[in-house]
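Read off the chains here:
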Amino acid sequence: MNLTIENILLIGSLLLFISIVVGKTSYKFGVPTLILFLSIGMLAGSEGIGGILFNDPKIAQFIGVVSLNFILFSGGLDTNFNAVKPILKEGLVLSTLGVLLTAVTLGGFVWYITDFTIFESMLLGSIVSSTDAAAVFSILRSKNLALKENLRPTLELESGSNDPMAYVLTLAFLSLVINQDQDVTTIIFMFFQQMIVGGIAGFGFGKLSKLIINRITLDFEGLYPVLVIALMFITFSATNAFGGNGFLAIYICSVYLGNQDLIHKSTILKMFDGMAWLMQIVLFLTLGLLVFPSQIIPYMGVGLLISVFLILVARPISVFISTMFFKMRMRRRFYISWVGLRGAVPIVFATYPLLAGIDKANMIFNIVFFISVTSILIQGTTLSVFAKWLNVGLPEKIKSPSDDERYILDLPKSGMEEISIPKNSFAVDKRIIDLHFPKSAFIVMIKRDGKFVRPGGSTTIEANDILVILLDNDNSLEEVKTLLAKTEND
């Protein structure tokens with residue numbers, strides 16, 4: 001069956017519906033939803049019962065890049081910087097040095113056991129060198145797995161920030177495969193340019209995006225998530241245009257925004273959470289359609305050998321060397337080693353050799369696909385078991401709250417007070433978002449001229465307004481009173 005304008009919406013919506021319904025019950029059987037999405041795509045493909053002919057790596061790569069934008073941005077928005085700060089150095093070392101060590105170790109092994117050249121081997125190692133954000137975010141959050149000792153923030157920070165390193169290494173070694181006489185110093189220059197420009201652009205666009213979101217006045221609340229999507233793609237594409245790493249830029253930008261006071265922030269977070277799930281489904285369905293199972297079979301032996309080496313040798317070596325600079329318990333190192341999930345990102349990166357037309361591109365793609373599938377099946381299904389074995393999981397009774405639960409729990413709820421705004425208060429003619437209210441207080445209603453006004457981040461406070469405030473404790477009340485008692489002169 002060929003995809004046409006007439007049937008693409010019907011086929012796409014049916015595949016999406018089936019994926020959601022099947023994914024709903026998948027964890028009862030211990031199967032990660034991502035594998036099911038991939039399997040549905042393969043079943044619907046040209047060699048499956050659906051017979052859908054899809055063999056366009058360029059379109060698959062485009063869908064992959066767009067999907068990764070949403071997945072990384074959503075993961076960044078959900079990243080609590082206060083939780084990440086204690087393990088920031090560990091996460092950054094894992095996402096840079098750890099990725100490099102994985103690529104080099106695995107590349108050396110591939111060169112030893114295959115007829116690949118050294119650069120082709122390093123290219124394959126680079127493609128699968130990073131832990132996959134989509135897989136880690138999806139599996140950890142779907143299982144609601146609670147971990148000790150800041151393990152979860154470490155894993156999410158690493159997976160969200162290490163794709164840029166793998167992307168740069170992939171482009172670098174692909175360039176060396178195509179132009180083997182190329183000066184290696186140009187690759188080193190490209191690496192630093194990508195990382196430095198990407199980091200600066202991410203932080204700069206983050207600050208600019210916050211300013212735009214909070215200063216622009218839109219008539220409809222639903223337009224704010226659309227605005228953020230536009231800013232996300234501008235950040236990615238502009239950074240790439242200046243020679244930086246777009247993936248790194250959007251992750252830094254989203255982490256910055258996620259830890260700032262934004263107008264309609266809850267609406268933005270909920271929309272991106274849903275879009276991240278949609279993009280994961282679309283991405284895995286697309287990659288499932290792209291692969292031809294019959295072409296994978298000849299490479300299953302070497303693929304399994306490489307996959308086992310990656311899981312049991314390359315990944316642990318990179319983790320143990322990267323974390324040797326930090327004081328860390330051995331069981332924590334072992335668990336970080338085990339959560340080296342490979343997923344959609346390596347498969348997307350494997351389309352770059354296909355589009356470049358190198359000799360072994362098809363072989364690399366099929367091996368990478370097999371590695372990703374085995375990684376999710378072997379590691380993804382055993383995260384809870386290994387957490388129990390290594391004693392790094394939290395008991396159910398003291399389990400950390402999920403992101404949604406944390407948002408609800410963070411809302412103050414112990415008491416309610418009404419506070420009047422005097423004419424000389426600094427809060428007059430200021431928006432709620434600009435007041436920087438303490439986290440332990442929440443404005444639920446405003447009484448104004450005998451009427452009730454529903455507050456939002458862009459609502460402007462007027463003189464003689466009576467704020468109905470939900471509070472956690474007496475200290476919160478004093479903090480709010482002190483804040484609102486300030487005058488312009490203060």
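Caption draft 1: Up close: the pattern of salt bridges. Enumeration over the complete set of coordinates arrives at 6 salt bridges. For Arg448, the salt bridge identified is with Glu462, shortest N-O distance 3.6 Å. Separated by 14 residues along the polypeptide, Arg448 in strand β2 (residues 441–448) and Glu462 in the loop between β3 (451–453) and β4 (466–471) bring together distant segments of the chain. A relative accessible area of 15% places Arg448 in the buried class. Ionic contacts of the salt-bridge type, sharing partners, join the residues Arg448, Glu462 and Asp465 into one network.

Caption draft 2: Examining the sheet that holds β3 more closely. As summarised here, the arrangement of the 4 strands in space is β1-β4-β2-β3, forming an open sheet in which the pairing is antiparallel. Sheet topology places β1 (415–420) and β3 at the edges, where each strand pairs with a single neighbour. Shown here is a sheet whose adjacent strand axes are inclined to one another by a mean of 25°, direction ignored. In terms of strand pairing, β2 meets β3 through 3 bridges, oriented antiparallel.

Caption draft 3: Fine view of the pairing of β4. Bridging between β1 and β4 involves 6 bridges; their strand directions are antiparallel. Opposite Gly415, over in β4, you have Leu471 as the bridge partner. As paired strands, β2 and β4 are joined by 6 bridges and run antiparallel to one another. Paired with Ile443 across the two strands is Ile469, which belongs to β4.

Caption draft 4: Just the packing of helix α6 (residues 118–127) against helix α19 (residues 361–380), in detail. Where α6 meets α19, the closest approach of the two axes is 10 Å, and the angle between their N-to-C directions is 35°. The crossing of α6 and α19 is right-handed. Contact residues: Leu123, Leu124 and Ile127 in α6; Ile364, Ile367 and Val368 in α19. Per-class residue counts for the contact of α6 with α19 are 6 nonpolar, no polar and no charged.

Caption draft 5: Summary view of the packing of aromatic side chains. Applying the stated criterion across every chain, the model contains 14 aromatic pairs. Centroid distance Tyr167 to Phe247: 5.3 Å. Interplanar angle 80°. Geometry classified as edge-to-face. Within this pair, whereas Tyr167 is found in helix α9 (residues 163–178), its partner Phe247 is found in helix α12 (residues 246–258), the two being separated by 80 residues in sequence. Summarising the burial analysis for this pair, Tyr167 and Phe247 share the class buried. Considering the side-chain rings of Phe320 and Phe334, the 5.3 Å spacing of their centres and the 70° angle between planes classify their relative orientation as edge-to-face. Taken together, the positions of Phe320 in helix α15 (residues 300–322) and Phe334 in helix α16 (residues 330–338) put the pair 14 residues apart, joining distant regions of the chain. Phe320 sits in the partly exposed class, given a relative accessible area of 25%.

Caption draft 6: Molecular detail of helix α2 (residues 33–44). For α2, spanning 12 residues, the distance from its first C-alpha to its last is 17 Å, which sits close to the expected 16 Å at 1.5 Å a residue. Counting buried residues along α2, 9 of its 12 residues qualify, which places the element largely inside the surrounding structure. Taken together, the buried positions of α2 are Thr33, Leu34, Ile35, Leu36, Phe37, Leu38, Ile40, Gly41 and Ala44.

Caption draft 7: How the structure looks around helix α3 (residues 57–77). The end-to-end C-alpha distance of α3 is 30 Å, a good match for the 30 Å that 21 residues give at a rise of 1.5 Å each. Two or three places before Lys58, at the start of α3, stands the capping residue Asp56, its side-chain oxygen 3.1 Å from that residue's backbone nitrogen.

Caption draft 8: Examining the nonpolar core more closely. Counting 118 residues, the largest nonpolar core has Phe73, Phe272 and Tyr335 as the members making the most contacts within it. If we skip the residues at most four places from it in the chain, Phe73 touches Leu68, Val228, Met232, Ile250, Cys253, Ser254, Leu257 and Phe272.

Caption draft 9: Expanded view of the environment of Gln61. Structurally, the position occupied by Gln61 is in helix α3. With a relative accessible area of 14%, Gln61 lands in the buried category. The spatial distance from the C-alpha of Gln61 to the C-alpha of Phe349 is 7.9 Å, given a sequence separation of 288 residues. In this structure Gln61 touches Val348, Thr351, Tyr352 and Leu355, once residues within four positions along its chain are discounted.

Caption draft 10: Local environment of the environment of Ser74. Within the secondary structure layout, Ser74 lies in helix α3. By relative accessible area, Ser74 is classed as buried at 4%. Distance in space between the C-alpha atoms of Ser74 and Met271 is 9.1 Å, their sequence separation being 197 residues. Residue contacts for Ser74: discarding those within four places in its chain leaves Phe272, Asp273 and Ala276.

Caption draft 11: Local environment of a nonpolar patch on the surface. On the surface, Leu304, Val308, Leu312, Val313, Ile317, Ile321, Met324 and Phe325 cluster together to form a nonpolar patch covering roughly 700 Å² of accessible area. You can call Ile317 partly exposed: its relative accessible area is 35%.

Caption draft 12: Quick peek at the side chain of Gln260. Mapped onto the elements of the fold, Gln260 is located in the loop between α12 and α13 (265–290). Gln260 has contacts with Lys210 and Lys265, leaving out every residue within four places of it along the chain.

Caption draft 13: A look at the confidence of the model for the protein. Here the protein averages 83 in pLDDT, while 88% of its residues score no lower than 70. The secondary-structure element of the protein with the lowest mean pLDDT is helix α21 (residues 403–410), recorded at 46, while helix α11 (residues 223–241) shows the highest, at 95. Across residues 402–409 the pLDDT falls below 50, and counting only partners more than four positions away or on other chains, this stretch makes 9 contacts in the model.

Caption draft 14: Structural context of the packing of α11 against α12. Following both chains from N to C, one finds α11 and α12 inclined at 140°, their axes separated by 8 Å at the closest point. As α11 packs across α12, the resulting crossing turns out to be right-handed. Between α11, through Met232, Thr235, Phe236, Thr239 and Asn240, and α12, the contact on the second element is made entirely by Gly246, Phe247, Ala249, Ile250 and Cys253. By residue class, the composition of the contact of α11 with α12 is 6 nonpolar, 4 polar and no charged.

Thresholds, definitions, all that
Every chain begins its residue count from 1, and numbering advances along the sequence as written. In keeping with the model being predicted, local features are shown solely for residues with a pLDDT of at least 70 and side-chain atom pairs are shown and tallied solely at 80 or more, while totals for entire chains, interfaces and linings include all residues. Heavy atoms throughout the structure, all of them, feed into the side-chain values; hydrogens and water do not. Just to be clear on terms, a salt bridge is a Lys or Arg side-chain nitrogen sitting within 4 Å of an Asp or Glu carboxyl oxygen. Here a strand is any run of E in DSSP of at least two residues, a helix any run of H or I of at least four, and the numbering for each starts at the N terminus. A simple rule labels every residue: compare its accessible area, found with a 1.4 Å probe on the protein chains alone, to the largest value its type can have, and call it buried under 20%, exposed over 50%, or partly exposed in between. Strands qualify as paired when DSSP identifies two bridges or more between them. Only C-alpha atoms enter the line fits that serve as axes; for helices the fit covers just the stretch in contact. Angles between N-to-C directions range over 0 to 180 degrees. The sense of a crossing depends on the near helix, which, turned anticlockwise from the far helix by less than a right angle, makes the crossing left-handed and, turned clockwise, makes it right-handed. Residue contacts are counted whenever heavy atoms from the two residues lie within 4.5 Å of one another. Under this grouping Gly is polar, as are all residues other than the nonpolar Ala, Val, Leu, Ile, Met, Phe, Trp, Tyr, Cys and Pro and the charged Asp, Glu, Lys and Arg. Aromatic rings from Phe, Tyr and Trp, with only the six-membered ring used for Trp, were paired whenever their centres fell within 6.5 Å, and each pair was classed as stacked if the ring planes differed by under 30 degrees, edge-to-face if by over 60, and tilted otherwise. The span expected for a helix works out to 1.5 Å for each residue beyond the first. Polar contacts here mean pairs of N or O atoms no more than 3.5 Å apart (in protein, one a potential hydrogen donor and the other a potential acceptor; neighbouring residues in sequence count only if both atoms are side-chain atoms). For the purposes of this section, nonpolar cores are sets of buried Ala, Val, Leu, Ile, Met, Phe, Trp, Tyr and Cys residues that join through side-chain atoms within 4.5 Å. Residues forming no salt bridge and having over 30% relative accessible area are the ones grouped into patches, like charges within 9 Å of each other and nonpolar side chains (Val, Leu, Ile, Met, Phe, Trp, Tyr) within 5 Å. Exposure was quantified through the Shrake-Rupley algorithm and a 1.4 Å probe, taking into account, for residues, occlusion by the shown protein chains and nothing else. How sure the predictor is of each residue is captured by pLDDT, a score from 0 to 100.

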